Amino acid sequence: MAKLNVNPTRMELRRLKTRLKTATRGHKLLKDKSDEMIRRFMLYVRENKRLREEVEGELQSALGSFMLARAVSSDAVIEEAISLPATKVKLNVSSQNVMSVEVPVFEIIESDKSELYPYSFASVTSELDGAVASLSQLLPKLLKLAEVEKTCNMLADEIERNRRRVNALEYVMIPQLEETIKYITMKLDENERGTITRLMKVKSMLQAQAED
């Protein structure tokens, strides 16, 4: 591992030791954050899987009812029956903080309650009634699925970014700091030994001159 290009002084040594301490603490905090994010991510993944299976099952059932309704009624009758929605809803979009990631929160705000079925029961079959009712109940689950799926994607991106930071500290910055500290310590020890050797030589010369 290449060392940093710094002057081998005691002041630089103290500064690098402080940086190493900060980097080591930062590495631990990021590693702990990464572990917790992965734990949260797995919870959302399981929730996403459950919701997707539930939504796909109910959607398949609703579409099956629509197919049955089309089998016994003409397309024109079906289109006329559902051309004007009877109920309007508003979507409130906000966000919440999950491990420093702002993830979306979808909330349905229903308007004044009105008749669910925008048509006369005499004009269509009961299969269409069931399909309309199923899709109406499915909307909140679809939005929840979209919310959870987007959260999974955002957490996955943040986990990857956090992993790169952890790796940069663990495999680049901390080893560089340790190698540089080792180098400076060795240089300072070497200089100190050289100074002691010179002082001893000067002392012996002074003693020799005093004896003369």
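The rules behind these values
- Residues numbered from 1 in each chain as written.
- Predicted model: local features only at pLDDT ≥ 70, side-chain atom pairs only at ≥ 80, totals over all residues.
- Heavy atoms only, no water.
- Helix = DSSP H or I, 4+ residues; strand = E, 2+ residues; numbered from the N terminus.
- Buried < 20%, exposed > 50% of the residue type's maximum accessible area, 1.4 Å probe, protein only.
- Contact = heavy atoms within 4.5 Å.
- Areas by Shrake-Rupley, 256 points an atom, 1.4 Å probe, with all protein chains shown as cover.
- Salt bridge = Lys/Arg side-chain N within 4 Å of Asp/Glu carboxyl O.
- Core = buried A, V, L, I, M, F, W, Y, C linked by side-chain atoms within 4.5 Å.
- Patch = residues over 30% accessible without salt bridge, like charges linked within 9 Å, V, L, I, M, F, W, Y side chains within 5 Å.
- pLDDT = per-residue confidence, 0-100.

A closer look at the overall build of the chain
Okay, step 1: Each helix and strand counted, the chain has three helices and two strands in total.
Okay, step 2: Start at the N end of the chain and walk to the C end: the helices and strands fall as α-α-β-β-α.
Okay, step 3: Of all 212 residues assigned to the chain, the portion counted as buried reaches 25%.
Okay, step 4: Partitioning the intrachain contacts of the chain with sequence separation of at least 6 by distance along the chain shows that 77% fall at a separation of at least 24.
Okay, step 5: Carbon together with sulfur atoms contributes 56% to the accessible area of the chain, which is approximately 14700 Å² in total.

Side note on unusual backbone geometry
Okay, step 1: Positioned with a positive phi, Met 99 is a non-glycine residue whose angle comes to about 55 degrees.
Okay, step 2: Relative to the elements of secondary structure, Met 99 occurs in the loop between β1 (89-98) and β2 (101-110).
Okay, step 3: Accessibility expressed as a relative area gives 19% for Met 99, which makes it buried.
Okay, step 4: Of note in the backbone geometry, Ser 100 takes a positive phi value of approximately 70 degrees without being a glycine.
Okay, step 5: Tracing the backbone through its elements, the reader meets Ser 100 in the loop between β1 and β2.
Okay, step 6: With a relative accessible area of 57%, Ser 100 lands in the exposed category.

Quick word on the pattern of salt bridges
Okay, step 1: The final tally for this structure, using the stated rule, is 19 salt bridges.
Okay, step 2: Taking the shortest distance from any N to any O, the salt bridge between Lys 33 and Glu 158 comes out at 3.8 Å. A residue pair is termed long-range when its members are at least 10 positions apart, and Lys 33 in helix α1 (residues 10-72) and Glu 158 in helix α3 (residues 126-211) qualify at 125 residues.
Okay, step 3: The partly exposed category is assigned to Lys 33, whose relative accessible area is 21%.
Okay, step 4: Between Arg 50 and Glu 47 there is a salt bridge, and its shortest N-O distance comes to 2.8 Å. Here the residue Arg 50 and the residue Glu 47 both occupy positions in helix α1, the gap between them amounting to three residues, near one helical turn.
Okay, step 5: By relative accessible area, Arg 50 is classed as partly exposed at 42%.

Regarding the nonpolar core
Okay, step 1: Counting residues in each nonpolar core, the largest one holds 14 residues, and the members touching the most others are Leu 16, Leu 177 and Ile 184.
Okay, step 2: Where this core is concerned, the elements lending two or more residues are α1 and α3.
Okay, step 3: By residue number, the principal contributor to this core is α3, which donates seven residues.
Okay, step 4: Among the nonpolar cores identified, the runner-up in size contains seven residues, and Val 98, Met 99, Leu 155 and Ile 159 belong to it.

Topic: a nonpolar patch on the surface
Okay, step 1: There is a patch of nonpolar side chains on the surface, built from Leu 59, Leu 63 and Leu 135 and spanning about 220 Å² of accessible area.
Okay, step 2: Within the element layout of this structure, Leu 59 appears in helix α1.
Okay, step 3: Judged by its relative accessible area of 31%, Leu 59 is partly exposed.

So, the environment of Arg 161
Okay, step 1: Structurally, Arg 161 can be placed in helix α3.
Okay, step 2: Residues Arg 161 and Ser 34, spaced 127 residues apart in sequence, show a C-alpha to C-alpha distance of 9.8 Å.

Considerations on the side chain of Thr 151
Okay, step 1: Turning to its location among the elements, Thr 151 is positioned in helix α3.
Okay, step 2: Setting aside its immediate chain neighbours within four residues, Thr 151 contacts Tyr 44, Val 103 and Pro 104.

Focus on the environment of Leu 142
Okay, step 1: Take Leu 142: it is sitting in helix α3.
Okay, step 2: The class of Leu 142 is partly exposed, set by a relative accessible area of 37%.
Okay, step 3: Remark: the alpha-carbon pair of Leu 142 and Leu 59, spanning 83 residues in sequence, is separated by 9.8 Å.

Some thoughts on the confidence of the model for the chain
Okay, step 1: On average, residues of the chain score 83 in pLDDT, and 82% of them reach the 70 mark or higher.
Okay, step 2: Here helix α2 (residues 75-82) stands out as the element of the chain with the lowest mean pLDDT, 64, in contrast to α1, whose mean of 90 is the highest.

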